[in-house]
Amino acid sequence: MSGTVLVIGSGGREHALGWKLSQSPRVSKVYHAPGNGGTSENVAIKHNDVDGLVRFAKKIGKDCLAVVGPEESLSLGVVDAFSKEGLRIFGPIKKAAMLEASKVFAKEFMKSANIPTAAFATFSDADKAKDYIKRQDRPLVVKADGLAAGKGVIVCDSAAQALDAVGKIMVGKEFGQAGASVVVEERLSGEEASFIALCDGRTIMPLASSQDHKRIFDGDRGPNTGGMGAYSPAPVVDSDLHDKIVKRVMQPVLRKMQERGTPFVGFLYAGIMVDEKTGEPSVLEFNARMGDPECQPIMMRMKSDLYEYMQAAIDGRLDSMPPIEWHDQTAVCVVMASRGYPGSYKKGEVIEGLDSDFGPGTMVFHAGTARDAQGRVVTAGGRVLGVTALGADARHAIDSAYSAVRKIRWGENGHYYRTDIARRAIR
């Protein structure tokens, strides 16, 4: 039986998910709502228009599988709305998606489930948060409680920076209502990794390991972004660490969610810090959806049929599925961003070079793009493209990705990208 897929969202993650799902022999058509300049079969429904998405899925019919990309859709209860109408959708219900929608909820949840994470305190009063910071003698991280498009986390080198962060988030309302409360936590050191799994409420099906690069500048400097690049696999996640993360982090999440009557179905993402001295994992954050840009290299490496696994997760039968198969190559994704991101930047610039010969094993996933009146692809966001390449090893994948990046441009010096994505994998 063939089915139709509706991918909700407009970023690089959604382009990559749609690209992968379209390869399934059981998928006849993939719609994107609203999609971007690189996706086809776009539907003019925004990712946060829950009623519009439900109406469209009902029009497609019972063979439609909806796949949720963005965290905002989940926090608005899109899964609950689809399920109420008997429609199939892959993602967690609103109460389970709180793991990402609220940093305060996530930290309290980890404490209750005994999941390793940094020492923390939560505040809804700016003065109390500042008093707490003044009493600390260790580096801190300040996090806006709500969703802030990956930018609501401020890593501080000093108490002055932490006090300034509270001022920006809680007083200056830099992230709007997302900053009504904050988490102030100990700043952990070590190497980061992204651990993502498919979940059906009871069973975890781990995906290939990956590593994201969140800071805007080379050498992990500058402000946090939604992610400037990623690669898979991440050498830091060896089999021993993999088992520790499954046992100490992922399984306790599923158990605790079940206990609370809010089983977690969908992509569960744990941002892990691996302690530089002990090698032990701690959770920096949870996401209730696939990572972006981790999705792009993971999808490039996945051999198995993603559609089959999503259907199995919805039906609660992941335990009957074989382990996912992977290409043994390395995949590297380099994000090409609009100059000025994560601050202000120009939109509407025509992108040139997209029709270049990039060679085999290279995909250009669109994120912040659109089509103008002439049908040309133009910039429409901060993170514009995710140039992703497979290689025999990290070095070859890096070379292929950057070779493709150099063939693409827009505006007068309009684009920016990091030049050190996945270098750590070589070291």
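Computed from a prediction, not measured in an experiment: that's the story for all the values here.

## Brief notes about the overall build of the protein
Phase 1 of the analysis: Assigned secondary structure in the protein consists of 13 helices and 24 strands.
Phase 2 of the analysis: Expressed as lengths along the three principal axes of its C-alpha atoms, the size of the protein is roughly 60 × 50 × 40 Å.
Phase 3 of the analysis: Expressed as a percentage of its 427 residues, the buried residues of the protein come to 57%.
Phase 4 of the analysis: The long-range share in the protein, meaning contacts at least 24 apart out of those at least 6 apart in sequence, stands at 70%.
Phase 5 of the analysis: Considering the protein, the positive charge centre built from 55 side chains and the negative charge centre built from 52 side chains are found 2 Å apart.

## Concerning empty space enclosed by the protein
Phase 1 of the analysis: Under the definition given, this model contains three cavities of 30 Å³ or more.
Phase 2 of the analysis: In terms of lining residues, the largest cavity is bounded by Leu99, Lys103, Ala106, Lys107, Met110, Lys143, Leu284, Glu285 and Phe286.
Phase 3 of the analysis: Those elements giving two or more residues to the lining of the largest cavity turn out to be helix H6 (103-113) and strand S16 (281-287).
Phase 4 of the analysis: Looking at which element gives the most residues to the lining of the largest cavity, the answer is H6, with four residues.
Phase 5 of the analysis: Here the lining of the largest cavity is built from residues that sort into five nonpolar, no polar and four charged.
Phase 6 of the analysis: Taken as a whole, the second largest cavity holds about 40 Å³ of empty space.
Phase 7 of the analysis: Considering the residues around the second largest cavity, the lining is formed by Glu192, Ala193, Ser194, Asp212, Lys214, Tyr269, Gly271 and Glu285.
Phase 8 of the analysis: Mapped by element, the contributors of at least two residues to the lining of the second largest cavity are strand S9 (190-200) and strand S15 (265-275).
Phase 9 of the analysis: Among the elements that make up the lining of the second largest cavity, the one with the highest residue count is S9 (three residues).
Phase 10 of the analysis: Looking at the lining of the second largest cavity residue by residue, the classes come out as two nonpolar, two polar and four charged.

## Observations concerning the pairing of strand S5 (residues 120-123)
Phase 1 of the analysis: Residues Ala121 and Phe123 line the buried face of S5, whereas the alternating positions Phe120 and Thr122 sit on a face that is not buried.
Phase 2 of the analysis: By the bridge criterion, four bridges tie S5 to strand S8 (residues 182-186) in an arrangement that is antiparallel. Bridged to Phe120 within S8 is Glu185.

## Thoughts on the layout of surface pockets
Phase 1 of the analysis: Space inside the second largest pocket adds up to approximately 230 Å³.
Phase 2 of the analysis: As for the second largest pocket, its lining consists of Lys151, Val153, Ile154, Val155, Lys168, Glu174, Phe175, Arg215, Gly222, Pro223, Asn224 and Pro342.
Phase 3 of the analysis: Those elements that provide at least two residues to the lining of the second largest pocket are strand S7 (153-155) and strand S13 (221-224).
Phase 4 of the analysis: Each residue belonging to the lining of the second largest pocket can be placed in one class, and the counts come to six nonpolar, two polar and four charged.

## What about the packing of aromatic side chains?
A ring pair, where both rings are aromatic, is described by two values, the distance of the centres and the angle of the planes.
Phase 1 of the analysis: By the definition in use, this model includes eight aromatic pairs.
Phase 2 of the analysis: Taken together, a centroid distance of 6.0 Å and an interplanar angle of 45° make the contact between Tyr402 and Tyr417 tilted. On the criterion of sequence distance, the pair formed by Tyr402 in helix H12 (residues 394-405) and Tyr417 in the loop between strand S24 (415-416) and helix H13 (423-426) is long-range, its members being 15 residues apart.
Phase 3 of the analysis: Owing to a relative accessible area of 5%, Tyr402 belongs among the buried residues under this scheme.

## Re the sheet that holds S7
Phase 1 of the analysis: An order of S5-S8-S6-S7 is seen for the four strands of this open sheet, with the pairing classed as antiparallel. The sheet terminates laterally at S5 and S7, the two strands that pair on one side only. Direction aside, the axes of adjacent strands within the sheet are offset by 15° on average.
Phase 2 of the analysis: Each of S5, strand S6 (140-144), S7 and S8 touches helix H8 (residues 159-171); the most contacted strand, S6, lies at about 5° to it.

## What to know about the pattern of salt bridges
A side chain with one charge can pair with a side chain of the opposite charge if their charged atoms come near.
Phase 1 of the analysis: Scanning the model with the defined rule gives 26 salt bridges in all.
Phase 2 of the analysis: In this structure, the salt-bridge partner of Glu71 is Arg13, at a minimum N-O distance of 4.0 Å. Of the two residues, Glu71 sits in helix H3 (residues 71-75) while Arg13 sits in helix H1 (residues 12-21), which places them 58 residues apart along the sequence. Neither Glu71 nor Arg13 differs from the other in exposure class; each is buried.
Phase 3 of the analysis: Across the pair Asp240 and Lys244 runs a salt bridge whose closest N-O atoms are separated by 3.6 Å. Separated by four residues within a single helix, Asp240 and Lys244 lie in helix H9 (residues 239-259), roughly one turn from each other.

## Here's the deal with unusual backbone geometry
Residues apart from glycine generally show negative phi values, whereas peptide bonds are mostly found in trans.
Phase 1 of the analysis: The omega torsion across Ala33 and Pro34 is 0°, close enough to zero to call that bond cis.
Phase 2 of the analysis: Structurally, Pro34 is set in strand S2 (residues 27-34).
Phase 3 of the analysis: For the bond from Asp292 to Pro293, the omega torsion is 25°, close enough to zero to count as cis.
Phase 4 of the analysis: In this structure, Pro293 sits in the loop between S16 and helix H10 (295-301).
Phase 5 of the analysis: One non-glycine residue with positive phi stands out, namely Asn114, at about 60°.
Phase 6 of the analysis: Examined against the element boundaries, Asn114 turns out to sit in the loop between H6 and S5.
Phase 7 of the analysis: The phi dihedral of Lys173 is positive, around 50°, even though this residue is not glycine.

## A look at the sheet that holds strand S4 (residues 88-90)
Phase 1 of the analysis: Strand order in this open sheet of four strands is S2-S1-S3-S4, and the pairing throughout is parallel. Edge positions in the sheet fall to S2 and S4, since each of these pairs with one other strand and no more. Neighbour to neighbour, the strand axes of the sheet diverge by 25° on average, direction disregarded.
Phase 2 of the analysis: Strand direction decides the pairing type here: strand S1 (residues 3-9) and S2, joined by seven bridges, are parallel. When the sheet's bridge partners are listed, Val5 is paired in S2 with Val30.
Phase 3 of the analysis: On the sheet, H1 packs against S1, S2 and strand S3 (64-68) and is oriented at approximately 170° with respect to S1.

Reading guide: rules and limits
- Residues numbered from 1 in each chain as written.
- Predicted model: local features only at pLDDT ≥ 70, side-chain atom pairs only at ≥ 80, totals over all residues.
- Heavy atoms only, no water.
- Helix = DSSP H or I, 4+ residues; strand = E, 2+ residues; numbered from the N terminus.
- Buried < 20%, exposed > 50% of the residue type's maximum accessible area, 1.4 Å probe, protein only.
- Contact = heavy atoms within 4.5 Å.
- Lys, Arg positive; Asp, Glu negative; His and termini not counted.
- Charge placed at Lys NZ, Arg CZ, Asp CG, Glu CD.
- 1 Å grid on protein atoms, 1.4 Å probe; cavity = no way out; pocket = protein on both sides within 12 Å on 5 of 7 lines; lining within 4 Å.
- Points joined across faces, edges and corners; volume = space filled by probe spheres on them.
- Nonpolar A, V, L, I, M, F, W, Y, C, P; charged D, E, K, R; others polar.
- Pairing = 2+ DSSP bridges.
- Phe/Tyr/Trp six-rings, centres within 6.5 Å; stacked < 30°, edge-to-face > 60°.
- Axes fitted to C-alpha atoms, helices over the stretch in contact; angles between N-to-C directions.
- Salt bridge = Lys/Arg side-chain N within 4 Å of Asp/Glu carboxyl O.

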